[in-house]
Amino acid sequence: MAPSFAAAETPDQPNILFILADDLAWSDLGCYGHPWHDTPHLDELASEGARFTEAYASAPICSASRASILTGKTPARLHFEFVTKDAAGQQKIDFPTPLSAPPLTLNLPLEERTIAECLNDEGYQTAFFGKWHVSSHHERYLGWSPTHGPKKQGFEVAEEDYGAHPYNWKRSPVETITEVGSFASDSMVDRVGAFLRKKHDRPYFAMASSFYVHTPVRTPCQWLRKKYDARVPSNSKKRKNRIEYAAFVETFDHHVGQILDSLEASGEADRTIVVFYSDNGGHPEYTANAPLRGSKWNLYEGGIRVPMIVRWPGVVQAETEIERPVIGVDLLPTMVDWAGGDLPKCDGESVAGWMNANPQSAEQERSLIWHFPYYHPEKGFAKAPDNIGIDDFATSRTRPQSAIRRGQYKLLQFAEDNRVELYDLASDIGEQKDLSAQRSDLAAKLQHELQQTLTRQDARQPTVR
């Protein structure tokens, strides 16, 4: 749909800059306690605003999470629970499975109302840069669809660019860099910076959707490789991967720093809300998600708990730590609330009201829901390990599953046999002690609420083969 614009915007409407990381783990940043990753720009951003310790992605996988962010609706309601492909059909697994996942969803439907369309109506200029991945691949992997790309979903400005990510190395090779402190130039980051620095006659919403730190994880910065080779402990699992990944994370942090420098140079930093967030948990073969169990692709905490930072000068107090749970569907209503608009009907709720007050004072008893009716990995399931632990550094078998968190308790239900697991996250953040037998009454109550919610949302379920 073509963007529409309100007749006049309110003079005090803030700009909103949304920086979205790809596959960045909850524990990857220095400000979240990583022992050797250097992330000075993101650490500074966190010190200048609020750092969320219990922020969640709506899904453990890219496309589903991003569709949910854009619409404020759960992947279950959207029927967009997996990753988009280049062709429709059924999921193909290289091992017999008792259930068949729902048909693949390729495109976020155009009739879905996106955050861009909501903010257009509040007088905002909307812009998108980088990874889209909520439409079928066009011409190349992750290539934007001409019928379902950002401009068809309300973004007035939309510039497709892979930057210096290894996705683009076949088309635009990057030379080895040995000079300490030097990084490859990144055209996607440059585009974001140019947009921020130019004069705007309306408030803006700019979404900088990075390809980092998604695989392939390779760095041209030989100096970073040497730096982390000297820092990563010699007994670390997957040590070579972790050295390369550490360099990748620092490169991404450098990109964030460049974007924030452009914002500062524009003179608009004081009236711009910066939101930093990751689309799902970290890749198990490159990063340690500890103390969390699991990783990208499953509904244990390592797959869905993510870093989130909000800076709003003069409104959100510096060095704030927020322990209250928030989730990806909350981003749209929160941003519309910041813009002064009427909250749309969606599955999230605005967290704007308590973010700039006492963040711990609000009622915390609401339920968060996840639904992943698919198998993973599609290739390699036959040889993948069955158990999902903490820092396995392997892509384990993920089977169709759903989850609910209410207060400190979280329940997972596995579709193949309706088995459940119950954890007390307050005392067991690593999800090691299953309380489902000990607290069968609570498990039954949460399972019932989970099923009722999925039914209300018309969630698709895997079927018996």
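Residues numbered from 1 in each chain as written. Predicted model: local features only at pLDDT ≥ 70, side-chain atom pairs only at ≥ 80, totals over all residues. Heavy atoms only, no water.

## Observations regarding the sheet that holds strand S12 (residues 401-406)
The cut-off we apply is this: When DSSP locates at least two bridges between a pair of strands, those strands are taken to pair. Note on conventions: DSSP H or I runs of at least 4 residues are helices, E runs of at least 2 residues are strands, and numbering of each starts at the N terminus. The angle between two axes is taken between their N-to-C directions and runs from 0 to 180 degrees, where each axis is a line fitted to C-alpha atoms and a helix contributes only its stretch in contact.
Across the sheet, which stays open at both edges, the 4 strands sit in the order S11-S12-S13-S14 with antiparallel pairing between neighbours. One side of each edge strand has no neighbouring strand; the edge strands of this open sheet are strand S11 (367-372) and strand S14 (419-424). The average undirected angle you get between the axes of adjacent strands in this sheet is 15 degrees. Pairing analysis gives 6 bridges linking strand S13 (residues 409-414) to S14, with the strands arranged antiparallel. Within S14, the residue paired with Tyr-409 across the bridge is Asp-424.

## Points about the pattern of salt bridges
Note the following rule: Salt bridges are counted wherever a side-chain nitrogen of Lys or Arg sits within 4 Å of a carboxyl oxygen of Asp or Glu. Think of it in three bands: with a 1.4 Å probe and only protein chains considered, a residue is buried below 20% of the maximum accessible area for its type, exposed above 50%, and partly exposed in between.
One pass over the full model with this rule turns up 34 salt bridges. Residue Asp-22 is joined to Arg-66 by a salt bridge in which the shortest nitrogen-to-oxygen separation is 3.8 Å. Placement of Asp-22 in the loop between strand S1 (15-21) and helix H1 (40-47) and of Arg-66 in helix H2 (residues 62-71) is noted, with a sequence separation of 44 residues between them. Residues Asp-22 and Arg-66 agree in their burial class; the two are buried. A salt bridge links Lys-296 to Asp-23; the shortest N-O distance between them is 2.7 Å.

## Considerations on the environment of Gly-294
For the record, the criterion: The contact criterion used is simple: two residues touch if any of their non-hydrogen atoms lie within 4.5 Å.
Mapped onto the elements of the fold, Gly-294 is located in the loop between strand S7 (272-278) and helix H8 (301-304). The buried category is assigned to Gly-294, whose relative accessible area is 7%. The spatial distance from the C-alpha of Gly-294 to the C-alpha of Trp-132 is 25 Å, given a sequence separation of 162 residues. Contacts of Gly-294, omitting those with residues within four sequence positions, involve Asn-289, Tyr-300, Gly-302, Gly-303, Ile-388 and Gly-389.

## What about unusual backbone geometry?
Backbone torsion omega between Tyr-212 and Val-213 reads 10 degrees, so that peptide bond is classified as cis. The step from Ala-290 to Pro-291 runs through a cis peptide bond, and the omega angle for that step is 10 degrees. Mapped onto the elements, Pro-291 comes out in the loop between S7 and H8.

## Section: the environment of Lys-73
Within the element layout of this structure, Lys-73 appears in the loop between H2 and helix H3 (75-78). Here Lys-73 falls in the partly exposed class, since its relative accessible area comes to 23%. Here the alpha-carbon distance between Lys-73 and Phe-372, two residues 299 residues apart in the chain, equals 15 Å.

## Here we look at H1
The line we're drawing: The arc refers to the directions leading from the helix axis to the C-beta atoms.
Looking only at H1, the buried set comprises Leu-42, Leu-45 and Ala-46. Projected onto a plane normal to the axis of H1, the buried residues spread over an arc of 100 degrees and lie on a single side. In this structure, the buried residues of H1 make contact with strand S2 (50-56), helix H7 (239-265), S7 and strand S8 (305-311).

## Re the pairing of S13
Of all 6 residues making up S13, 6 are buried, and the element is well covered by its neighbours. Bridging between S12 and S13 involves 6 bridges; their strand directions are antiparallel. Directly across from Ile-404, in S13, lies its bridge partner Leu-411. Linking S12 to S13, which pair antiparallel, is a turn of 2 residues; within it Gly-407 sits at a positive phi near 60 degrees. A loop of 4 residues connects S13 with S14, the two strands running antiparallel in sequence, and Asn-418 in this loop sits at a positive phi of about 60 degrees.

## Considering the side chain of Glu-431
Within the secondary structure, Glu-431 sits in the loop between S14 and helix H11 (440-456). Apart from the residues lying within four places of it in its own chain, the contact partners of Glu-431 are Arg-293, Tyr-300, Glu-301, Lys-410, Leu-412, Tyr-423 and Leu-425.

## Some details on the packing of aromatic side chains
What counts is decided by this rule: Between rings of Phe, Tyr and Trp, where Trp is taken as its six-membered ring, a pair exists when centres lie within 6.5 Å; planes separated by under 30 degrees are stacked, by over 60 edge-to-face, and by other angles tilted. A positively charged side chain is recorded as over a ring if its NZ (Lys) or CZ (Arg) lies within 6 Å of the ring centre. The angle to the ring normal must also be within 35 degrees.
One pass over the full model with this rule turns up 24 aromatic pairs. Through successive ring pairs, a cluster of aromatic residues spans Phe-128, Trp-132, Trp-144, Phe-155 and Phe-205. Over the ring of Tyr-300 we find Arg-293, and its NZ or CZ is 4.0 Å from the ring centre. Over the face of the ring belonging to Trp-26 we find Arg-305, whose NZ or CZ atom lies 5.4 Å from the ring centre.

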